[in-house]
Amino acid sequence: MTSPSDRYAAARDASEHPETRAFAAKQRFDLDPFQVAGCHALEQGRSVLVAAPTGAGKTIVGEFAIHLAMQTPGDKAFYTTPMKALSNQKFRELVDVYGADQVGLLTGDTNINGNARIVVMTTEVLRNMIYADSPALRDLRYVIMDEVHYLADRFRGAVWEEVIIHLPQHVRLVSLSATVSNAEEFGDWLDTVRGDTEVIVSEIRPVPLEQHVLVRDDLLPLFDERAGLATTTVNQELMRIRSFTGSNYENNRRAQAYNSNRHAGRNAQRPQRGGSRPNARRIERMDRPEVVHLLDRANLLPAIFFIFSRVGCDAAVQQVRRSGVRLTTTEERAEIRAIVEERTRTLQDEDLGVLGYWEWLDNLERGVAAHHAGLLPAFKEVVEELFQRKLVRVVFATETLALGINMPARTVVLEKMEKFNGEARVAITSGEYTQLTGRAGRRGIDVEGHAVVQWTEGMDPQAVAALASRRTYPLNSSFRPTYNMAVNLIDLFGKTRARQILESSFAQFQADRSVVGLARQVREAEESLAGYQKSMACDHGDFTEYAAIRRELSDLEKKNRQDSHAPRGAREKRMKRIQSLRGQMQRHGCHRCPDREAHARWAERYWKLKRQTDRIRRQIETRTGTVARVFDRVVEVLETLDYLTVDAAGETTLTDAGRTMRRIYGERDLLVAESLRQGLWSGLDAPSLAAMACCLVYEPRRDEANSGERDLPRGAFRVAYEKTTTLWAELDDLEKDHHLPGSEPLAPGLAGAMHSWARGGMLDRVLIDADMAAGDFVRWAKQTIDLLDQLSIVAEDAALARNARAALDGVRRGIVAYSSM
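Residues numbered from 1 in each chain as written. Predicted model: local features only at pLDDT ≥ 70, side-chain atom pairs only at ≥ 80, totals over all residues. Heavy atoms only, no water.

Visitor: Could you give an account of the overall build of the protein, naming the residues involved and the relevant values?
Guide: Regarding its fold elements, the protein presents 34 helices and 19 strands. Burial statistics for the protein: of 821 residues in total, 51% are counted as buried. Within the protein, counting contacts between residues at least 6 apart in sequence, those at least 24 apart form 74% of the total. Working note: accessible area of the protein is about 39100 Å², and carbon and sulfur atoms make up 47% of it. (Helix = DSSP H or I, 4+ residues; strand = E, 2+ residues; numbered from the N terminus. Buried < 20%, exposed > 50% of the residue type's maximum accessible area, 1.4 Å probe, protein only. Contact = heavy atoms within 4.5 Å. Areas by Shrake-Rupley, 256 points an atom, 1.4 Å probe, with all protein chains shown as cover.)

Visitor: I'd like a rundown of the sheet that holds strand E12 (residues 368-371), residues and numbers included.
Guide: On the basis of which strands lie adjacent, the open sheet formed by 7 strands has the order E10-E9-E17-E14-E11-E13-E12 and mixed pairing. Every interior strand has two partners, whereas the edge strands, strand E10 (218-221) and E12, have only one. Ignoring which end each strand starts from, the neighbouring axes of this sheet average 25° apart. Along the sheet, helix H9 (residues 236-243) makes contact with strand E9 (209-215) and E10, crossing E10 at roughly 120°. Each of E12 and strand E13 (394-397) touches helix H12 (residues 310-322); the most contacted strand, E12, lies at about 175° to it. (Pairing = 2+ DSSP bridges. Axes fitted to C-alpha atoms, helices over the stretch in contact; angles between N-to-C directions.)

Visitor: Give me the lowdown on a positive patch on the surface, citing residues and values where you can.
Guide: There is a patch of like positive charges on the surface, built from Lys608, Arg611, Arg615 and Arg618. By the secondary structure assignment, Arg615 is in helix H24 (residues 596-623). Given a relative accessible area of 44%, Arg615 falls into the partly exposed group. (Patch = residues over 30% accessible without salt bridge, like charges linked within 9 Å, V, L, I, M, F, W, Y side chains within 5 Å. Salt bridge = Lys/Arg side-chain N within 4 Å of Asp/Glu carboxyl O. Lys, Arg positive; Asp, Glu negative; His and termini not counted. Charge placed at Lys NZ, Arg CZ, Asp CG, Glu CD.)

Visitor: Lay out the pairing of E13 with the relevant residues and their values.
Guide: Along E13, one buried face is formed by Val394 and Phe396 and the opposite face, lined by Val395 and Ala397, is buried too. One ladder, built from 4 bridges, connects E12 with E13; its direction is parallel. Note that in E13 the partner of His371 across the bridge is Ala397. A crossover links E12 with its parallel partner E13, the connecting element being helix H16 (residues 377-388), and its sense is right-handed. (Right-handed = clockwise from strand over helix to strand, strands pointing away.)

Visitor: Any chance you could break down the sheet that holds strand E2 (residues 76-81) for me, citing the residues and the numbers?
Guide: Strand order across the open sheet formed by 8 strands is E4-E3-E5-E2-E6-E7-E1-E8, with mixed pairing between neighbours. Whereas interior strands pair on both sides, the edge strands pair on one side only; in this sheet they are strand E4 (111-112) and strand E8 (197-201). Inspection of the sheet shows strand E1 (residues 47-51) paired to strand E7 (residues 172-177) by 4 bridges, in the parallel sense. What sits directly across from Ala51, in E7, is Ser177.

Visitor: I'd like to hear about the packing of helix H3 (residues 33-43) against helix H4 (residues 59-71), residue by residue, with values.
Guide: The interhelical angle for the contact between H3 and H4, taken along N-to-C directions, is 30°, at an axis separation of 9 Å. Between H3 and H4, the crossing angle belongs to the class labelled roughly parallel. Helix-helix and strand crossings are classified by hand; for H3 and H4 the assignment is right-handed. Contacts between H3 and H4 involve Gln35, Gly38, Cys39, Leu42 and Glu43 from the former and Ile60, Val61, Phe64, Ala65 and Leu68 from the latter. (Parallel < 35°, antiparallel > 145°, perpendicular 65-115°, else oblique. Left-handed = near helix turned anticlockwise from the far one by under 90°.)

Visitor: Residue-level account of helix H32 (residues 774-794), with values.
Guide: Given a rise of 1.5 Å per residue, 21 residues ought to cover 30 Å, and the 30 Å separating the end C-alpha atoms of H32 matches this to within 8%. Within H32, 16 of the 21 residues are buried, leaving the element largely enclosed by the surrounding structure. (Expected span 1.5 Å × (residues − 1).)

Visitor: Give a description of the confidence of the model for the protein that names residues and reports values.
Guide: Taken over all residues, the pLDDT of the protein has a mean of 85, while the share at 70 or more is 89%. Here residues 262-280 is modelled with pLDDT under 50, and outside its nearest four sequence neighbours on either side it reaches 18 contacts, counting other chains as well. (pLDDT = per-residue confidence, 0-100.)

Visitor: Any details on the nonpolar core? Residues and values, ideally.
Guide: In this structure, Leu364, Trp681, Leu750 and Phe777 are the most contacted members of the largest nonpolar core, which totals 138 residues. Excluding residues within four positions of it along the chain, Trp681 makes contact with Val672, Ser675, Leu676, Leu689, Met692, Leu696, Ala720, Thr724, Leu791 and Leu800. Met145, Trp189, Leu475 and Phe509 belong to the second largest nonpolar core, which has 37 residues in total. (Core = buried A, V, L, I, M, F, W, Y, C linked by side-chain atoms within 4.5 Å.)

Visitor: Tell me what's going on with the environment of Gln89, and back it up with residues and numbers.
Guide: Locating Gln89 in the fold gives a position in helix H5 (residues 84-98). Each C-alpha atom, one on Gln89 and one on Glu384, is 10.0 Å from the other, the two residues being 295 residues apart in sequence.

Visitor: Describe in detail the pairing of strand E3 (residues 103-106), supporting the description with residues and values.
Guide: What you see with E3 is no split at all: Val103 and Leu105 on one side and Gly104 and Leu106 on the other are buried throughout. Sheet topology places E3 next to strand E5 (residues 118-122); 4 bridges connect them, and they run parallel. Bridge pairing in E5 places Leu105 opposite Val120. Two strands pair when backbone bridges link them, and E3 and E4 are joined in this way by 2 bridges, in the antiparallel orientation. Directly across from Leu106, in E4, lies its bridge partner Asn111.

Visitor: Could you give me a rundown of the environment of Thr122, with the residues and numbers involved?
Guide: Of note, Thr122 is situated in strand E5. Thr122 sits in the buried class, given a relative accessible area of 7%. Separated by 38 residues in the primary sequence, Thr122 and Lys84 have C-alpha atoms spaced 6.4 Å apart. When sequence neighbours within four positions are dropped, the list of residues in contact with Thr122 reads Thr81, Met83, Lys84, Ser87, Leu106 and Thr107.

Visitor: I'd like a rundown of the packing of aromatic side chains, residues and numbers included.
Guide: Applying the stated rule across the entire model yields 17 aromatic pairs. Relative to Trp189, the ring of Phe186 lies with its centre 5.8 Å away and its plane at 25°, an arrangement referred to as stacked. Residue Phe186 and its partner Trp189 are located together in helix H8 (residues 183-194), separated by 3 residues, close to a single helical turn. Owing to a relative accessible area of 1%, Phe186 belongs among the buried residues under this scheme. Residue classification places Trp189 among the buried positions, given a relative accessible area of 0%. Clustering of aromatic rings is evident, with ring pairs tying together Phe186, Trp189, Phe506 and Phe509. Sitting above the plane of the Trp602 ring, Arg605 keeps its charged end 4.4 Å from the centroid. Note that Arg677 overlies the ring of Tyr643, its terminal NZ or CZ placed 4.4 Å from the centroid. (Phe/Tyr/Trp six-rings, centres within 6.5 Å; stacked < 30°, edge-to-face > 60°. Lys NZ or Arg CZ within 6 Å of the ring centre and 35° of its normal.)

Visitor: I'd like a rundown of the packing of helix H22 (residues 543-562) against helix H23 (residues 568-587), residues and numbers included.
Guide: With their axes 10 Å apart at the nearest point, H22 and H23 run at an angle of 150° to one another. Our classification of the angle between H22 and H23 gives roughly antiparallel. Crossing of H22 against H23: the hand is left-handed. In contact with Tyr546, Ile549, Arg550, Glu552, Leu553, Leu556, Glu557, Lys559 and Asn560 of H22, H23 contributes Arg571, Arg574, Met575, Arg577, Ile578, Leu581, Arg582, Gln584 and Met585. Of the residues contributing to the contact of H22 with H23, the split by class is 8 nonpolar, 2 polar and 8 charged. (Nonpolar A, V, L, I, M, F, W, Y, C, P; charged D, E, K, R; others polar.)

Visitor: Quick rundown of the pattern of salt bridges? Include the residues and the values.
Guide: Once the charged atoms of two side chains with opposite charge are near each other, the side chains can pair. Using the criterion set out here, one finds 34 salt bridges in the structure. With a closest N to O distance of 2.6 Å, Arg321 and Asp362 form a salt bridge. A residue pair is termed long-range when its members are at least 10 positions apart, and Arg321 in helix H12 and Asp362 in helix H15 (residues 357-366) qualify at 41 residues. One salt bridge in this structure joins Arg337 and Glu365, with 2.8 Å as the shortest N-O distance. Of this pair, Arg337 sits in helix H13 (residues 330-343) while Glu365 sits in helix H15; the two residues are 28 residues apart in sequence, bridging distant segments of the chain. When salt bridges that share partners are traced, they join Glu335, Arg343, Glu385 and Arg389 into one network.

Visitor: Explain unusual backbone geometry residue by residue, including any values.
Guide: Of the consecutive residues Leu301 and Pro302, the connecting peptide bond is found in the cis state with omega at 5°. Inspection of the secondary structure assignment puts Pro302 in the loop between helix H11 (288-297) and strand E11 (303-306). In this model, Asn299 sits at a positive phi of 60°, which is unusual for a non-glycine residue. Looking at where Asn299 falls in the secondary structure, it is placed in the loop between H11 and E11. Phi at Lys390 takes a positive value of approximately 65°, unusual for a residue other than glycine. Among the secondary structure elements, Lys390 is positioned in the loop between H16 and E13. Take Lys390: its relative accessible area is 42%, and that puts it in the partly exposed class.

Following this line, the structure appears as structure tokens:
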């Protein structure tokens, strides 16, 4: 029963925040305190940063911003996500609430109702709209940036900062982030660049997480349950298992079973004693079908098994299939088939066999599926829908599933605590562990979620517990100026103002903050240095000077002893200097001081600290103005290539080529702009232009041999490819001359397959030529489409623009054209 003071506070709160109260009344659950705090901040006209665990419901705050926008006729709200799949999912959810006429979707390859009051889009689309000063920005009141921690992404993170910095100041920003350890620092930066911003951090999961270790068929708690709910004490049984040999553990288990059965009055086989120990330190793992059965018996399904390999995910599904596992009823199988047939009806019959459709459907009807980037997007969407409907009970997935898609499970299983990062096998981080296990526990369905780590040889329970109890996931900026960014900012604000704007980036904010700490170290060191100087003060002369002579002499004598094979001339020069220093030292007044060695000890401390302090000062110099210095180098390259010009008054303006570059986005912006200006692609037909665009966007796997040049399309394409490669090398040299990192060479590995596809080739042949999964081919095809779309808009050569559009249409067909929207 609530107290009178609580009832009074609730009544006052409702009167001060009527929109929050109205919005909360429509929700299926009572709002959590952090959600209420976020809604209150928005209702008071503030921006907000919400950092909370996966599945905690932070998107509620974003949805409240949309609710506020819809209360004022004409106001708009944009909802940005890092991935098209997330955008599609959010679009469907908002259409269910507000109706199809009020909600739009813009994801680069999909344009639905773009002038609606609520528009869901990828972050890049919003960045492009800002630079183009799109009329769609008028009446924009709220921007929700979901998964804003993506700004740490090495390749795409800069886009988030560009949007945050350049959005009109009157737009309120709702930033939704995973739990990061430096949320306050990020919030301080948002407050600096966006104005009044409330930082709300919650580490409370709405559904508690129980953590287990699966040792053979024993599901053991990771933490000691006797020590209380908030304990981080590791279960001592796990520590004993680690120290036991495999046979000791087995005999201990048999002894426990024997004693249990004996006390129950049943006959039991006595556990073996002694015996051979061929695998003394090995504990056998359960097969995946056995683990699935165990979880099913324990009522712990649906479950997501995270396997850090696509091949491993597919193999796991096949292993479960071969074992005869079936987790669905007859009625559920009929429902699954109906949904699958409806969602895939636009796919051509001849493509279904190539895609392994019938086997995939059979697995789904068993309640089992894989989920990874190699799957056709249409297939992934079906798996997600069936899992959400509790029709698919087990999914074997790569870690990409943990990134934002709404697929909560009762249980998450981690088969291993390490993954291959492209170069070596590395342990997963605490941030990754938190992200993966964050999928466990469905609000309103589960009392608690379950994370299960399978025992592996050499596992340290303490290390697993440290991952499970730590929340260190720092958010670090990956921002760097690009050529497209530079020309857009200079065109909008001028060079001086553009430079100042870039200095307001989160990257510079973090660098400056680190400088603050370094500067404090320098100040403290300077105080110590002054004290050392005072302690080594000498009545016979300047001991600092004397100590410098002694130090140089000591260093040269040491070098002379170590470097006995130096050329004779160098040794003679060094000996001459040593003799000179010895004379200076003996003639110095401090050499005769009776306290000379005491002063010398203080001097040694002084010089050691001075070296450290000088090193810190150099760090400060390199970090101050870091982003602006990179911007200056980018501008120098653009001036060298005549994308920018400086007039008589010293003002920097765009040339015609610079104005073209304004509309070219991507890692290859400079190479694309120069290729267009030099007319390198003018003689290409549509399929060849598609192949060229693919060479610019494709990123081969680390282990992929660069044998693609043997299979390049012939004729005009090869000439254009060689010229473009030569141009890339020239630009790379120019960038390195200006101390910029340059870029990777063109990647032709997929060019032949893309050429064949744009020419109308059959899917089976194209996938064989590409040597990749359908989902991967679709992803690269869509990136190729994005670049072709830009070429069709910016190319001044009318024939090239037409060919770009024809190439786009040639690539966007069949499985590439499929969309669930």
